[in-house]
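# Structural overview for review
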Amino acid sequence: MEGSLVYSAAAEAEQASSGPPSAWGAVARARAFLDEQCPPSPCLVIDLATVRERYRALAEALPGAQLFYAVKANPAADVVRELVRAGASFDVASVPEIELCLAQGADPAQISYGNTIKKHADVAAAYTLGVRLFTTDSIPDVEAIAQYAPGASVFGRIMLVDTGSLTPFGRKFGCSPDMAVQVLSRAHELGLRPAGVSFHVGSQQLDPQAWDRGVREAAAVAAKLAAQDVTLPLINVGGGLPGSYTVSAPPLAEYAAAIEASVREHFGAAGLPLPSLVVEPGRFVVADAGLLRSEVVLVSRKSDDDEFRWVYLDVGRYNGMAECENEYITYLLSTPEREGEVGPVYLAGPTCDGDDVLYQRNIYRLPLALRAGDHVEFLSTGAYTASYSSIAFNGFSPLPTHCI
Ligand SMILES: *Cc1c(COP(=O)(O)O)cnc(C)c1O
């Protein structure tokens, strides 16, 4: 991928004909809103019709699965409310995220506290708010859940490394399958309800087969617990479903078929009843609903004979483009006012931080006519943009979100 040409007007036209049509509907509606309202730049526009459509597509692809939207992907109140109306459940990581979901009408029975790292006071607060489903990956945490959320259901999270995801989780969450057996068995002893094994294959996972190993290990854990007369009714396959960026992903149907086939195969082989699926989509539901419009602050060259221009935007790593870290995510770009001949650019944000560079290894090509004051749009930016923006690093405000 390094050094590849990742954007040109022609690429946009090609995507328009081959890409997901709903994403292009979102782009058109967001542009109409921006052109009419002219909100201050930069900002993110979320097309709620696309959020609805993505949620419905996933529900149809995995009938019988319970879908817990991972709130951290985009916590805009309107997004959460739209998903409450669509019948979603919610995966949260903190008490404020629980309060956000409840304020938008979610039933606490639809909320899963999926963070394995939580203070005792947060477990107690979640329980008081009505939450009865938690994820854990350690004996101390499961004991805290038993104490502060008696009788709750728990997922035991296992660790998967080297999943090939573009934005992997590393080793921070989950435990070995053997420890998951101990944790869920301890949960049972303490009067909690072991719900199932959970795992996350890493975000923006481009390989539908990546879930197979997690499902296989989950089935092995379930078999060991079955031998202790503990049955696990669910399997939680986490998030990882993709948004549309420059490197295209397989269609949703391939992911759904692969995950369902893995469950049938591994639980079937172990002679276990098939668990119901729990999925925690974040990016998939909101990414393609978002369009981020930024403004060019400066276009310059470092020397007369340099072919590359530096394009500095009013959006950067600290006010929305956090996923440009290591250039993990390469967004599709568009320059709505400019077309014509293009040339290579480095793209950077507006702050005085040397790391506030968006792309210098993946080479984007933007119109030679691009000037300060023009707009540069980032497509499919509904996930992990506004929610990652800092309060006001260097005085630049967090990214505002407009839901339409
Ligand atoms: C972030 C997260 C998700 C969502 O991941 P996506 O890749 O955005 O789908 C799901 N589950 C857990 C536990 C998470 O931390």
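As a starting point, this report considers the structure included with it. (Residues numbered from 1 in each chain as written. Predicted model: local features only at pLDDT ≥ 70, side-chain atom pairs only at ≥ 80, totals over all residues. Heavy atoms only, no water.)

### Here we look at the environment of Gln110
Structurally, the position occupied by Gln110 is in the loop between helix H5 (95-103) and strand E4 (111-113). Judged by its relative accessible area of 19%, Gln110 is buried. (Helix = DSSP H or I, 4+ residues; strand = E, 2+ residues; numbered from the N terminus. Buried < 20%, exposed > 50% of the residue type's maximum accessible area, 1.4 Å probe, protein only.)

### Remarks on the state of the cysteines
According to the stated counting rule, one finds zero disulfides in the structure shown. A disulfide-free cysteine, Cys352 has its sulfur positioned 19 Å from the sulfur of Cys324, the nearest such atom. On the accessibility criterion, Cys352 (76% relative accessible area) is exposed. You can see Cys403 has no disulfide; the closest cysteine sulfur is in Cys43, sitting 11 Å from it. (Disulfide = S-S within 2.5 Å.)

### Focus: the site of the ligand
Taken together, 14 residues form the shell around the ligand, and within it Lys72, Ser203, Glu280, Arg283 and Tyr384 come nearest. Interatomic distance of 2.6 Å between a side-chain N/O atom of Glu280 and a nitrogen atom of the ligand. Within the backbone of Gly282, one N or O atom sits 2.9 Å away from an oxygen atom of the ligand. In the complex, the protein chains occlude 93% of the 390 Å² of accessible area that the ligand would expose alone. (Near = heavy atom within 4 Å. Polar contact = N/O pair within 3.5 Å; in protein donor to acceptor, adjacent residues only side chain to side chain. Areas by Shrake-Rupley, 256 points an atom, 1.4 Å probe, with all protein chains shown as cover.)

### Structural notes on the layout of surface pockets
One number sums up the size of the largest pocket: a volume of about 820 Å³. When its residues are assigned to classes, the lining of the largest pocket shows 14 nonpolar, 13 polar and nine charged. A domain split of the lining of the largest pocket shows at least three residues from each of domain 1 (4-45 + 287-403) and domain 2 (114-281). (1 Å grid on protein atoms, 1.4 Å probe; cavity = no way out; pocket = protein on both sides within 12 Å on 5 of 7 lines; lining within 4 Å. Points joined across faces, edges and corners; volume = space filled by probe spheres on them. Nonpolar A, V, L, I, M, F, W, Y, C, P; charged D, E, K, R; others polar. Domains from an automatic or database assignment.)

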